[in-house]
Amino acid sequence: MTNLWQERLRRHQLDQFKYLRLIFNDNFVLAFIVLIGALGFWYSNLLGTIHHQLILGKPIVILLLFLATQVGGIATLLEEPDSTFLLVKEKEFYKYFKAAKNYSVFIPIVTLALVNFLLSAFASRAAGMKIIDIVLIAIGLIVFKLGSLNINLMALYGQNHFGSLNIRLVSNILLIVSLISSTYFLSAIMVIVGVIYYLFLNMRVRPLETSGQLQWKYAIETENQRMFRIKRFYNLFTDVPGVNSKIKRRKWLDGLFNFIKPKSSNTYLYLFARGFVRNNEYIGLFLRLTIIQAIMLCLIDNFYISLIVEMLFIYLVGFQLKPYFKEVMQNLMQRLYPISSKDKIASFTKLSTIILSIQWIVSALAIIYKFGLSMNGLIIIVAGALVLVFVNYFYMPRQLRKYLN
């Protein structure tokens, strides 16, 4: 079983590296570095405005740490045929899952360590916590999370219940109570609870080694859902086989298409517009980024950070629209339309201009709300308009022509 896990892990890592290489291209890395720098500068300025302990300081710390603890689960790498061809090895699968659990601890540990490190300055200023308290809570949370991975293992064998109570629910309640106690009273409580919790669940999983009552359907479905979430993220940047976006009718938006005149040159504009509105992936991406951008611009009062956020988010939305053009062009039926490549590119560019213009208007309203009708606000709005023009009339047509050629 250990050899089987090693073989699947190697194949899984090669597959992930293939997509990560495509995602972390020059454009994404540059945008990511700029965004991290902007967020870091904003966080630094935010800390500078906190001069005394806040009433909501500790509740915010508790909420963020609780959410961070929910990150990560066991990657089993199970496949559909396993329930048939490996059924005779069912009692030996515990070793396989133990190896999977040991591999899966990396992301939760790194996430908790990073969140606690980044949160430490805020916790110190806004929540009045000492560094030793933050460190103890971080250690306790890591131990607690290592113990909670056993719940995933128990669920694979259908043993994740205390009578009629779900262990996951009991675990989250215990986590919240421990975080409140350690934050408000004694930080060592989180360490004590984490260690006891870890040892208790380790004892609970030992009988699974010989039980041989693996819930194949649940285990395979859980792994399929986990992999689908990962591939759906990759699909935002590149084409991933087997990941199809959900389509919804959205009849209530039909009125938007009345502005498209029914003539031959608008054939692809109508096709692109219909597809964008119905496709959950692309309209969802546009709405999420636009809302996040507007919220950030309403909260940030630094001119340079707002300028970076305005330009970066408009560029990101335009950049993420490119795969949609490729997706439509890969449909062989669309080639039946007697429309030239020039008109296809012009139609997509027009749609992209409309989408980015909506985003630009929303962001402009957020900028006016924060900066008013000042020179700084005007510069940020104009900079966003320049990025919009660059993306739609220089960057986008060139990239689309490359693809069609």
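See above for the structure.
Bear in mind the structure is a predicted one, so any value in this text is a computation, not a measurement. (Residues numbered from 1 in each chain as written. Predicted model: local features only at pLDDT ≥ 70, side-chain atom pairs only at ≥ 80, totals over all residues. Heavy atoms only, no water.)

**Topic: the overall build of the protein**
Part 1 of the reasoning: For the protein, the helix and strand inventory stands at 16 helices and two strands.
Part 2 of the reasoning: In the protein, which comprises 405 residues, the proportion classed as buried is 44%.
Part 3 of the reasoning: Once local pairs closer than 6 in sequence are excluded, the contacts in the protein between residues at least 24 apart make up 83%.
Part 4 of the reasoning: Between the mean site of the 42 positive side-chain charges and the mean site of the 19 negative ones, the protein shows a separation of 5 Å. (Helix = DSSP H or I, 4+ residues; strand = E, 2+ residues; numbered from the N terminus. Buried < 20%, exposed > 50% of the residue type's maximum accessible area, 1.4 Å probe, protein only. Contact = heavy atoms within 4.5 Å. Lys, Arg positive; Asp, Glu negative; His and termini not counted. Charge placed at Lys NZ, Arg CZ, Asp CG, Glu CD.)

**Section: the layout of surface pockets**
Part 1 of the reasoning: The computed volume of the largest pocket comes to approximately 750 Å³.
Part 2 of the reasoning: The wall of the largest pocket is formed by 21 residues, among which Tyr103, Phe106, Ile107, Arg226 and Ile230 lie closest to the centre.
Part 3 of the reasoning: Of all elements in the fold, only α1 (2–23), α5 (93–104), α6 (106–126) and α11 (216–234) reach the threshold of two or more residues within the lining of the largest pocket.
Part 4 of the reasoning: Sorting elements by how many residues they give to the lining of the largest pocket places α6 first, with six residues.
Part 5 of the reasoning: Of the residues contributing to the lining of the largest pocket, the split by class is 12 nonpolar, seven polar and two charged.
Part 6 of the reasoning: Counted as a void, the second largest pocket has a volume near 610 Å³. (1 Å grid on protein atoms, 1.4 Å probe; cavity = no way out; pocket = protein on both sides within 12 Å on 5 of 7 lines; lining within 4 Å. Points joined across faces, edges and corners; volume = space filled by probe spheres on them. Nonpolar A, V, L, I, M, F, W, Y, C, P; charged D, E, K, R; others polar.)

**Some thoughts on the environment of Leu356**
Part 1 of the reasoning: The residue Leu356 is located in helix α15 (residues 341–371) in this model.
Part 2 of the reasoning: Since its relative accessible area comes to 0%, Leu356 is described here as buried.
Part 3 of the reasoning: Along the backbone, Leu356 and Ala113 are 243 residues apart, and their C-alpha atoms lie at a distance of 37 Å.
Part 4 of the reasoning: Ignoring anything within four residues of it in the chain, the contact list for Leu356 reads Ile314, Val317, Gly318, Leu388, Val391 and Asn392.

**Focus: the pattern of salt bridges**
Pairing between side chains of opposite charge can happen when the charged atoms of each approach one another.
Part 1 of the reasoning: What the rule picks out here adds up to five salt bridges.
Part 2 of the reasoning: When the shortest N-O distance is used, the salt bridge between Asp82 and Arg8 registers 2.6 Å. With Asp82 in helix α4 (residues 82–85) and Arg8 in helix α1, this residue pair connects regions lying 74 residues apart in the sequence.
Part 3 of the reasoning: Judged by its relative accessible area of 3%, Asp82 falls in the buried class.
Part 4 of the reasoning: Classification of Arg8 as buried rests on a relative accessible area of 7%.
Part 5 of the reasoning: Note that Lys18 and Asp15 form a salt bridge whose closest N and O atoms lie 3.6 Å from each other. Of the two residues, Lys18 and Asp15 are both situated in helix α1; the distance of three residues between them amounts to about one turn of the helix.
Part 6 of the reasoning: The exposure class of Lys18 is partly exposed, given its relative accessible area of 38%.
Part 7 of the reasoning: The structure contains a network of salt bridges with shared partners spanning Arg8, Arg11, Glu79 and Asp82. (Salt bridge = Lys/Arg side-chain N within 4 Å of Asp/Glu carboxyl O.)

**Here we look at the side chain of Thr290**
Part 1 of the reasoning: Relative to the elements of secondary structure, Thr290 occurs in helix α13 (residues 280–299).
Part 2 of the reasoning: Once residues lying within four places of it in the same chain are set aside, the contact partners of Thr290 are Gln359 and Val362.

**Side note on the packing of aromatic side chains**
Part 1 of the reasoning: Evaluation of the coordinates by the stated rule reveals 13 aromatic pairs.
Part 2 of the reasoning: Centroid distance Phe93 to Trp216: 5.2 Å. Interplanar angle 85°. Geometry classified as edge-to-face. Separated by 123 residues along the polypeptide, Phe93 in helix α5 and Trp216 in helix α11 bring together distant segments of the chain. A single burial state applies to Phe93 and to Trp216, both of which are buried.
Part 3 of the reasoning: Among the aromatic residues, those joined into a ring-pair cluster are Trp5, Phe93, Tyr96, Phe97, Tyr103, Tyr157 and Trp216. (Phe/Tyr/Trp six-rings, centres within 6.5 Å; stacked < 30°, edge-to-face > 60°.)

**Regarding the environment of Pro323**
Part 1 of the reasoning: The topology assignment puts Pro323 in helix α14 (residues 303–329).
Part 2 of the reasoning: Here Pro323 falls in the buried class, since its relative accessible area comes to 10%.
Part 3 of the reasoning: When the C-alpha positions of Pro323 and Leu199 are compared, they lie 48 Å apart, and in sequence the two are 124 residues distant.

**Observations regarding unusual backbone geometry**
Part 1 of the reasoning: For Leu77, which is not glycine, the phi dihedral falls at a positive 60°.
Part 2 of the reasoning: Here Leu77 is to be found in the loop between α3 (57–69) and α4.

**Some remarks on the environment of Met227**
Part 1 of the reasoning: Turning to its location among the elements, Met227 is positioned in helix α11.
Part 2 of the reasoning: Sequence spacing of Met227 and Ala75 is 152 residues, and the spatial spacing of their C-alpha atoms is 8.9 Å.

**With respect to the packing of α15 against helix α16 (residues 375–404)**
Part 1 of the reasoning: Look at α15 against α16: their axes get within 9 Å of each other, and the N-to-C directions meet at 160°. With respect to α16, the element α15 is oriented roughly antiparallel. Crossing handedness for the pair α15 and α16: right-handed.
Part 2 of the reasoning: Tallied by class, the residues present in the contact of α15 with α16 amount to 18 nonpolar, nine polar and one charged. (Axes fitted to C-alpha atoms, helices over the stretch in contact; angles between N-to-C directions. Parallel < 35°, antiparallel > 145°, perpendicular 65-115°, else oblique. Left-handed = near helix turned anticlockwise from the far one by under 90°.)

**Comments concerning α6**
Part 1 of the reasoning: Helix length check: α6 (21 residues) gives 30 Å between terminal C-alpha atoms against 30 Å at 1.5 Å per residue, within 8%.
Part 2 of the reasoning: A bend of about 40° at Leu119 is the largest found in α6.
Part 3 of the reasoning: The set of residues buried in α6 consists of Pro108, Thr111, Leu112, Asn116, Leu119, Ser120, Phe122, Ala123 and Ala126. (Expected span 1.5 Å × (residues − 1). Bend = angle between axes of the 7 residues up to and from the residue.)

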